[in-house]
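What follows is the residue order along each chain.
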Amino acid sequence: MKLEVQPGNVIGDTVDAGKDAFQSIKRSRNGEEERNFSHKISYDAASSNAINITNCKKEMMEIISASELTVSQILTESSEVIEDEGNKSVQCSVKVVVTKNG
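Here's a quick rundown of the structure. Per chain, residue numbering runs from 1 following the sequence as it is written. Reporting of local features is limited, given that this is a predicted model, to residues whose pLDDT is at least 70; pairs of side-chain atoms are given and counted only at 80 or more, and all residues count toward the totals for whole chains, interfaces and linings. To get the side-chain values, take all heavy atoms of the structure and skip hydrogens and water.

Looking at the environment of Q91
Part 1 of the argument: Of note, Q91 is situated in strand β3 (residues 87-100).
Part 2 of the argument: Whether two residues are in contact is decided by their heavy atoms: any pair within 4.5 Å suffices. With near-sequence residues (within four places) excluded, Q91 lies in contact with S38, H39, K40, C56, S78, S79, E80 and I82. A run of H or I in DSSP counts as a helix once it spans at least four residues, and a run of E counts as a strand once it spans at least two, with each numbered from the N terminus.

Regarding the nonpolar core
Part 1 of the argument: The definition of a nonpolar core used throughout is a set of buried Ala, Val, Leu, Ile, Met, Phe, Trp, Tyr and Cys residues joined through side-chain atoms within 4.5 Å. Accessible area is worked out with a 1.4 Å probe on protein chains only. A residue is then buried under 20% of its type maximum, exposed over 50%, and partly exposed in between. Counting residues in hydrophobic clusters, the biggest one holds twelve residues: I41, Y43, I53, C56, M60, I64, L69, V90, C92, V94, V96 and V98.
Part 2 of the argument: Mapped onto this core, the elements with two or more residues apiece are α2 (49-66) and β3.
Part 3 of the argument: Of the residues forming this core, the biggest block, five residues, is contributed by β3.
Part 4 of the argument: Aside from chain neighbours lying at most four places away, what touches V96 is E33, E34, R35, F37, V71, Q73, I74 and L75.

Section: the side chain of H39
Part 1 of the argument: Inspection of the secondary structure puts H39 in strand β1 (residues 32-42).
Part 2 of the argument: What qualifies as a polar contact is a pair of N or O atoms within 3.5 Å, subject to a donor-acceptor requirement within protein and to the restriction that residues adjacent in sequence count only when both atoms come from side chains. Among the polar contacts listed, one links the side chain of H39 to the side chain of E59, at a separation of 2.9 Å.
Part 3 of the argument: With residues near it in sequence (within four places) discarded, H39 still touches C56, E59, M60, I63, V90, Q91 and C92.

In short, geometric facts, not functional conclusions.
As structure tokens, this is what we get:
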């Protein structure tokens, strides 16, 4: 673990680091861990951005589930529509707390 304290917010940074360390230890004891996942799909021009993003997230969660992991908490998530040389795709990412099935 690395703790970096910035001037001016020593107390707040220390408290946040302590909370993060406590959560990590607690999750480890419960058989949980934090993992990052990302997924990319082709953009469906017949659908809206929102539907494309929803489909990307849905596929990503299905992949996570198929890997015999259960998501118990979503910590962060992001998504974006990417256009590269006229081709569109959707990239979605999550940071989650997972447990192994069985």
